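# Commentary on secondary and tertiary structure
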Amino acid sequence: MGNIEANHTVKTESRDKQTWLRPARLAIVSLAAVIAVSDRADAASRRNERAVVSVESRVGGNPIMAIVSLRDQRITIYDANGWTLRAPVSSGQKGRETPAGIFSVIEKQAEHYSNLYDDAYMPHMQRITWSGIALHGGPLPGHPASHGCVRMPYEFARRLFGMTKLGMRVIVAPTDAVPVEIVHPALFPAQPRAGTVAAARAAEAAEATSKADQASIAAVTASREAARAVTRVAENLKLGAEAQLAADRAVASAGSAEAKGHAEDAKANAAASAAELEAQWAAAKAELQPKFDAAASAREAAVTAEHARVVAAEAARKAALDLEPVSVFISRKAQRLYVRQGFQPILESPVTIQDADRPIGTHVFTAIDRAGNDVDTRWSVVSLNGRHTDAGADERHGPTHAHRGQGVEPMVTDPGDGKAALDRIAIPQDVLDRIAEIASPRSSLIISDEALSSETGKDTEFVVLMSGEPQGGIKSRHRRPETKVRYGRASERLPPLGSPFAGQHSTW
C-alpha cells in the first residue's frame, strides 16, 4: 500500500513536472524559431545590403542632374561628361506612386523626420516638392515600397547629399533615359562674362564694406575725443563752482572779524578762479569746435560709406543672381514661355508652336558646360517617354522589375526628337535676347505638352508632371491652396524683392 501510494506520488510529481515543463519547452522552441527567423532575416538583409551597393563609373565632377527610372528602380547621377554614380532605389508603392516628371532639389536636410508618416526617419533628405516628395536614405526591399519618395541606399544618400546643390535637376522617368549632346541654333548661348562681372561686384562690395567699417570707427573715435575734451572742461568748471560755493558759505558762517576777513579773502580768490575758468571755457569752446566739426564730419562720412556699402552689396547680389542657372519652360498646352532664375519667376511670353494640336513630347535641354572657345555652350537633351511607349508599364510596380532593372542598360535619347521639338518653336527675338543675357552653364530649357504643375510655386523650380503616368504619391498629400504664379513682363529684367506668392509651405 505504501509502495502504491509512493508510486502514485512519484507519478503525480512527474506528471506535474511535465505539465510545468511544457510551456517552458514551448517557449524555448518559440525562441529558437524567432532566432532562426531573425538569422534568416539578418542574412537576407546582408544579402540585400550587398545587392544595393552603388556603382561608380569614374571620379565625377559636380552633379548636373539625377535621373530616376521607375521601371528599373534605379537612380543615375550625371555631370558634364556623363554618368558618375548609379544605385538602386525604392519608389512609391501602388496607389502612392512617385510621380513621373521634371523636378529639382529645393531643400536639403541631413536629419529629417516625416511629419506625415509616424515621424519616419528620412536621412540626407533632398526635397523636390513642397508637398513632400523627396530623395532620401531608406530601406530597399527590392520593389516600390515608399509613400511616394525615392529611397536610396543609406551610404549612397549620404554621399550624394554632400555633392549636390540646390537647383540640381531631378528627372523621374517612366523608363530610364540617357542625356545626349545636341546642337541647335534655337538653344541660347550662355553669357561669357557673368563670372568676371560677379567677381568684380563682389570685390567692390568687400571694399565698400571695409570703407564703411573704417568710417564708422573714425566717427566713433572722433565723437569719443570730443566728449572727453568736454568732460575735462566741465570737471574744471565744476571744481571752480564748488570752490565759490564753499567760500560763500565760509563768509556767511564767519563769526569774528578775523574769520570774516579770511572768508572774504577766500571768496575773492574763488571769484578770481571762477573768472579764470570762464576764460578757459571760452578758449576751450574755440579749441573744441574743430573736434565737434570733425565728429560731425566723421558721422556724415560713415552714413555715406554705409549707403555705398548697401548699393555695392545689392550690385553684388544681382551679379551673383546672374550666375544662377536660368530655367525656361515652354508649354504646348498653354502656348506660353516662362522663365525662372534662382527659384524666382522673371518673365512670361507667348510663343508660336507649329502644328499646335500635334503632341511635341517632353524634352529637357541642359547647358552642361562651355565649349573650348569659352563662347559656345555644350547642350544635352533628355526626352521622356510615357506609358504609351512602355510595353511593360502595367507591371512597373511589380517586385521583379527592380532586380531585372539593375542589369538593363538605359535608353539613349535620340537627339532627333529634341531637334524636331525645337524646330517647331518660335520664340520672340526680344525674349530670346533677354534670356541670352542672363543664361549661364546649367541653364535649361524644358519643352512639354504639359502645363505647369500646381507644385510650381514659391521657392521652386519648374515642376512638370507627366499626365499619363500614376501620380498617387502626390495626389495623396495635402497641399496648400493653389496660388497664382505671377511673372513679370518680357521687358522686366529682375524679380521683385517681395515674393509674388502667398501662403506657407505644407508640412510633411
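Residues numbered from 1 in each chain as written. Predicted model: local features only at pLDDT ≥ 70, side-chain atom pairs only at ≥ 80, totals over all residues. Heavy atoms only, no water.

### Looking at the overall build of the chain
Helix and strand counts for the chain stand at eight helices and 22 strands. A burial count over the chain gives 41% of its 508 residues as buried. Nonlocal contacts in the chain, meaning residues at least 24 apart in sequence, comprise 73% of its contacts between residues at least 6 apart. Accessible surface computed for the chain: about 26300 Å², of which carbon and sulfur atoms make up 55%. (Helix = DSSP H or I, 4+ residues; strand = E, 2+ residues; numbered from the N terminus. Buried < 20%, exposed > 50% of the residue type's maximum accessible area, 1.4 Å probe, protein only. Contact = heavy atoms within 4.5 Å. Areas by Shrake-Rupley, 256 points an atom, 1.4 Å probe, with all protein chains shown as cover.)

### A look at the sheet that holds strand β3 (residues 74-79)
Ordered in space as β1-β4-β3-β2-β10-β5-β22, the seven strands form an open sheet in which the pairing is mixed. Strands with a single pairing partner mark the edges of an open sheet, and in this sheet they are β1 (55-56) and β22 (464-465). Bridge count for β1 against strand β4 (residues 82-88) is two bridges, and the pairing is antiparallel. Note on β4: the bridge partner recorded for V55 is R86. Across the face of the sheet, helix α2 (residues 154-163) comes into contact with β1, β3 and β4 while running at roughly 145 degrees to β4. (Pairing = 2+ DSSP bridges. Axes fitted to C-alpha atoms, helices over the stretch in contact; angles between N-to-C directions.)

### Notes on the nonpolar core
Core analysis: the largest hydrophobic core is formed by 45 residues, its most contacted members being I75, M152, F156 and V170. Core analysis: the second largest hydrophobic core is formed by 26 residues, I182, A367, A439 and L445 among them. (Core = buried A, V, L, I, M, F, W, Y, C linked by side-chain atoms within 4.5 Å.)

### Let's talk about unusual backbone geometry
Leaving glycine aside, a negative phi is the common case for residues, and trans is the common case for peptide bonds. Here the phi dihedral of F343 falls at roughly 70 degrees; this positive angle occurs in a residue that is not glycine. Turning to its location among the elements, F343 is positioned in the loop between β14 (336-341) and β15 (344-350). Residue class for F343 comes out buried when judged on its relative accessible area of 16%.

### Topic: the confidence of the model for the chain
Summary statistics for the chain give a mean pLDDT of 75 and a share of 66% for residues scoring 70 or more. Between residues 1-51, whose pLDDT stays under 50, and residues either more than four places distant or in other chains, the model counts three contacts. Residue range residues 387-406 is modelled with pLDDT below 50. Its contacts to residues more than four positions away, or to other chains, number 39 contacts. (pLDDT = per-residue confidence, 0-100.)

### Section: the pattern of salt bridges
One pass over the full model with this rule turns up 14 salt bridges. R71 is the salt-bridge partner of D72, the closest N and O atoms lying 2.9 Å from each other. Looking at D72, the relative accessible area reads 2%, which means it is buried. A salt bridge links R74 to D176; the shortest N-O distance between them is 2.9 Å. In this pair, R74 sits in strand β3 while D176 sits in the loop between β10 (169-173) and β11 (177-178), placing the two residues 102 residues apart along the sequence. Each of the salt bridges in this network shares a partner with another, and the network as a whole consists of R71, D72, R74 and D176. (Salt bridge = Lys/Arg side-chain N within 4 Å of Asp/Glu carboxyl O.)

### Some remarks on the side chain of R74
Among the residues examined, R74 registers a relative accessible area of 1% and is labelled buried. Of the polar contacts made by the side chain of R74, one reaches the side chain of D176; its length is 2.9 Å. (Polar contact = N/O pair within 3.5 Å; in protein donor to acceptor, adjacent residues only side chain to side chain.)

### Structural notes on the pairing of strand β18 (residues 377-384)
Burial runs high along β18: seven of the eight residues are buried. By the bridge criterion, three bridges tie strand β12 (residues 180-182) to β18 in an arrangement that is antiparallel. Paired with E181 across the bridge in β18 is S380.

### Notes on the pairing of β15
One ladder, built from six bridges, connects β14 with β15; its direction is antiparallel. Within β15, the residue paired with R336 across the bridge is P350.

### A closer look at the environment of F462
Its location among the elements puts F462 in the loop between β21 (444-448) and β22. The exposure class of F462 is buried, given its relative accessible area of 0%. Along the primary structure F462 and S104 are separated by 358 residues, whereas in three dimensions their C-alpha atoms are 7.8 Å apart.

### Section: the sheet that holds strand β8 (residues 134-137)
Strands sit in the order β6-β7-β8-β9 across an open sheet of four strands; the sheet is mixed. Two strands bound the open sheet, and with one partner strand each, they are β6 (107-109) and β9 (150-152). Adjacent strand axes in the sheet meet at a mean angle of 15 degrees, parallel and antiparallel pairs treated alike. Along the sheet, α2 contacts β6, β7 (125-127), β8 and β9; its crossing angle with β9, the most-contacted strand, is approximately 100 degrees.

### So, helix α6 (residues 415-423)
Within α6, burial applies to G418, A421 and L422. Angularly, the buried residues of α6 cover 100 degrees about the axis, an arc narrow enough to put them on a single face. The N-cap of α6, judged by a side-chain oxygen 2.9 Å from the amide nitrogen of G416 a few residues on, is D414. (Arc of directions from axis to C-beta.)

### Section: the packing of aromatic side chains
Overall, the coordinates contain four aromatic pairs when judged by the stated rule. Plain terms: the ring middles of F188 and W379 are 5.2 Å apart, the flat faces sit at 90 degrees to each other, and that makes the pair edge-to-face. Residue F188 is found in the loop between β12 and α3 (194-253), and its partner W379 is found in strand β18; the two are separated by 191 residues along the sequence. We classify F188 as buried; its relative accessible area is 3%. Ring centres of F329 and F462 lie 5.8 Å apart, and the angle between their planes is 35 degrees; this geometry places the pair in the tilted category. Here F329 is found in strand β13 (residues 326-331), whereas its partner F462 is found in the loop between β21 and β22, with 133 residues between them in sequence. (Phe/Tyr/Trp six-rings, centres within 6.5 Å; stacked < 30°, edge-to-face > 60°.)

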